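Listed here are the chains, written in short residue letters.
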Amino acid sequence: MRMLVMHKPETEDLGVSELVMVDVKFWSISTQARTKALNIPSHRTVCLQFTVDARGRMHPPLPPSFAGNAFVLSSLLCTAAELDRLPLAAVVLRIQAAKRAVTHAYVARYIATLGEAPRTSLPPLPELTMVSDWTKTPYHRVDFGAGEAAYVAPLATPMPQAAYFMQSPSEAGRVDVRIGLPEKTLRAFETYFLHGF
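Residues numbered from 1 in each chain as written. Predicted model: local features only at pLDDT ≥ 70, side-chain atom pairs only at ≥ 80, totals over all residues. Heavy atoms only, no water.

Across soluble globular proteins, you tend to see nonpolar side chains buried next to one another. Ranked by internal contacts, the top residues of the largest apolar core, which has 28 residues, are Val24, Trp27, Leu48, Phe50, Val91, Ile95 and Val131. Of all the elements in the fold, those that place two or more residues in this core are α3 (18-37), β1 (45-53), β2 (71-79), α4 (80-85), α5 (88-100) and β4 (162-167). Ranked by residues supplied to this core, first place goes to α3 with six residues. Counting seven residues, the second largest nonpolar core, distinct from the first, contains Cys47, Leu73, Tyr164 and Met166. (Core = buried A, V, L, I, M, F, W, Y, C linked by side-chain atoms within 4.5 Å. Buried < 20%, exposed > 50% of the residue type's maximum accessible area, 1.4 Å probe, protein only. Helix = DSSP H or I, 4+ residues; strand = E, 2+ residues; numbered from the N terminus.)

Moving on to the environment of leucine 186. Turning to its location among the elements, leucine 186 is positioned in helix α7 (residues 186-195). By relative accessible area, leucine 186 is classed as partly exposed at 40%. Expressed as a C-alpha distance, the spacing of leucine 186 and alanine 37, which sit 149 residues apart in the sequence, is 8.2 Å.

Let us now look at the packing of α3 against α5. Two elements in contact, α3 and α5, have axes whose closest approach is 10 Å; the angle formed by their N-to-C orientations is 120°. Taken together, the axes of α3 and α5 are oblique relative to one another. Handedness of the α3/α5 crossing: right-handed. Touching Val20, Met21, Val24, Lys25 and Trp27 of α3 are Leu88, Val91, Val92, Ile95 and Lys99, all from α5. Classifying every residue of the contact of α3 with α5 gives eight nonpolar, no polar and two charged. (Axes fitted to C-alpha atoms, helices over the stretch in contact; angles between N-to-C directions. Parallel < 35°, antiparallel > 145°, perpendicular 65-115°, else oblique. Left-handed = near helix turned anticlockwise from the far one by under 90°. Contact = heavy atoms within 4.5 Å. Nonpolar A, V, L, I, M, F, W, Y, C, P; charged D, E, K, R; others polar.)

A few words on the sheet that holds β1. In space, the five strands of this open sheet follow the order β2-β1-β3-β4-β5, with mixed pairing throughout. Either end of the sheet is taken by a strand with one partner, and the two such strands are β2 and β5 (175-179). In this sheet, adjacent strand axes meet at a mean angle of 25° when their direction is disregarded. In the sheet, β1 pairs with strand β3 (residues 128-134) via four bridges, with the strands oriented parallel. Bridging across to β3, cysteine 47 finds its partner in leucine 128. Its contacts with the sheet put α5 on β1 and β2, and the angle it makes with β2 is roughly 145°. (Pairing = 2+ DSSP bridges.)

Turning to the pairing of β1, a few remarks are in order. Sheet topology places β1 next to β2; nine bridges connect them, and they run antiparallel. In the sheet register, phenylalanine 50 faces β2, and the bridge partner there is serine 74.

Any two side chains of opposite charge can pair, so long as their charged atoms come close to each other. Per the counting criterion, the structure on display carries five salt bridges. In this structure, arginine 55 engages aspartate 53 in a salt bridge whose closest nitrogen and oxygen atoms are separated by 3.3 Å. The exposure class assigned to arginine 55 is partly exposed, which follows from its relative accessible area of 27%. Among the residues examined, aspartate 53 registers a relative accessible area of 43% and is labelled partly exposed. (Salt bridge = Lys/Arg side-chain N within 4 Å of Asp/Glu carboxyl O.)

Take the pairing of β4 next. By the criterion of burial, β4 is predominantly enclosed, with five of the six residues buried. As judged from the five bridges shared by β3 and β4, these two strands associate in the parallel manner. By the bridge assignment, aspartate 133 is partnered in β4 with phenylalanine 165. As judged from the five bridges shared by β4 and β5, these two strands associate in the antiparallel manner.

Right, let's talk about the side chain of aspartate 23 for a bit. Secondary-structure assignment places aspartate 23 in helix α3. For aspartate 23, which is buried and forms no salt bridge, the nearest opposite charge comes from lysine 99, at a distance of 5.2 Å. Residue contacts for aspartate 23: discarding those within four places in its chain leaves Phe50, Val131 and Phe165. (Lys, Arg positive; Asp, Glu negative; His and termini not counted.)

This brings us to α3. Its 20 residues give α3 an end-to-end C-alpha distance of 28 Å, which sits within 8% of 28 Å, the value for a rise of 1.5 Å per residue. For α3, the tally of buried residues reaches 16 of 20 residues, placing the bulk of the element in the interior. Taken from the residues just after α3, asparagine 39 is the one with a positive phi, measuring 55°. (Expected span 1.5 Å × (residues − 1).)

This is the structure in structure tokens:
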């Protein structure tokens, strides 16, 4: 979150949530690190997928008492080189446009497509970054009868390209990111992600 403060003036008139800022910065930095670690050419298309709450976008909307998940995925595409050159505000505007495009018709098509799709898992896609916001659920406070857990996280990400933003159990307001990566790229990714390019 500290690196986001440096870019705040560029986006403060856009009405941007902290989560969108984290999405943008994480996608940018992780794409740079991943393309270097996996030798992905900069002309290749990279994709950010993120969840959009579908509750209020359906007609009729789901009632406030609905307690299940109700989301669809939305995507943003560009080349790795373009993402590297784009100003932060331009990426934010594209994410906001992609979220606005999620309408009742979009949700209906999404549901229909899921119903028609074969039940197979996707292969690892190194150009894809999926982000999922778990920051509103304090998993580290779960209690199975013996007191709060020291830490709770998925053992393995269901999709290797998924990143989960979670509340930090050790520092209030901090966001921990859990990301799945192929084992052979961990050292290179860590070097590029944490120490620059």
